[in-house]
Amino acid sequence: MQVPGNASTANLLHSLEIAIGADSFRLIGEFGSSFDAFGFCIIGRERYLFSISTHAGELPHGNYEFQISITDETLENGKIVLLECVDAERFLVIVKEVISGNIS
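A. A look at the overall build of the chain. Assigned secondary structure in the chain consists of 2 helices and 5 strands. For the chain, the succession of helices and strands along the chain, N to C, is α-β-β-β-β-β-α. By the compact-globule yardstick of 13 Å for 104 residues, the chain fits well, its C-alpha radius of gyration being 13 Å. In terms of overall dimensions, the chain has C-alpha extents of about 40 × 25 × 20 Å along its principal axes. Burial status across the chain gives 32% buried among its 104 residues. Put simply, of all contacts in the chain between residues at least 6 apart along the chain, 40% involve residues at least 24 apart. Taken as a whole, the chain presents about 5,900 Å² of accessible surface, with 52% of it coming from carbon and sulfur. With 6 positive and 14 negative side-chain charges, the chain shows a spacing of 8 Å between the two charge centroids.

B. Summary view of the pattern of salt bridges. Per the stated rule, a full pass over the model turns up 3 salt bridges. Here Glu76 ties to Arg47 by a salt bridge, and the two come within 2.0 Å at their closest N and O atoms. Taken together, the residues span a long stretch of sequence, with Glu76 in the loop between β4 (63-70) and β5 (80-87) and Arg47 in the loop between β2 (37-42) and β3 (48-53) at a distance of 29 residues. Under the relative-accessibility criterion, Arg47 is labelled partly exposed at 26%. Here Glu84 and Arg90 are joined by a salt bridge, their closest N and O atoms 2.8 Å apart. Overall, Glu84 belongs to the partly exposed group, its relative accessible area being 24%. In the salt-bridge network here, residues are joined through shared partners; they are Arg47, Asp72 and Glu76.

C. Spatial organisation of the pairing of β2. Taking burial as the measure, the 6 residues of β2 include 5 buried ones, the bulk of the element. Here 4 bridges tie strand β1 (residues 25-28) to β2, and the two strands are oriented antiparallel to one another. When the bridges of β2 are listed, Leu27 appears paired with Phe40. Bridge count for β2 against β3 is 4 bridges, and the pairing is antiparallel. Its bridge partner lying in β3, Phe38 is registered against Ile52. Here β2 hands over to β3 after 5 residues, with Gly44 in that stretch at a positive phi of 95 degrees.

Rules of the game
Residues numbered from 1 in each chain as written. Predicted model: local features only at pLDDT ≥ 70, side-chain atom pairs only at ≥ 80, totals over all residues. Heavy atoms only, no water. Helix = DSSP H or I, 4+ residues; strand = E, 2+ residues; numbered from the N terminus. Rg over C-alpha atoms; globule rule 2.2 N^0.38 Å. Buried < 20%, exposed > 50% of the residue type's maximum accessible area, 1.4 Å probe, protein only. Contact = heavy atoms within 4.5 Å. Areas by Shrake-Rupley, 256 points an atom, 1.4 Å probe, with all protein chains shown as cover. Lys, Arg positive; Asp, Glu negative; His and termini not counted. Charge placed at Lys NZ, Arg CZ, Asp CG, Glu CD. Salt bridge = Lys/Arg side-chain N within 4 Å of Asp/Glu carboxyl O. Pairing = 2+ DSSP bridges.

Written out as structure tokens, the structure is:
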């Protein structure tokens, strides 16, 4: 059964694959029709865990809660460095900024 928000997050995941390349990141955990959220790390920037959610479709269509947290062995482990409600365009801008090192 497809959960509310799944189609929107599936489209966002596809947009991410097109924008940065499917080989540029790896999903953390599963993603399928029973999920409205996904997490990923960017290859070469593994310090950061990215997560996206529609809160079971409760956010307006095309809007997502986007969180970036630190997931390394430093004292900052678990620290949330970004928590923002975004659309697909803003999401991709932020991801590209992290890749380029503008957000570190």
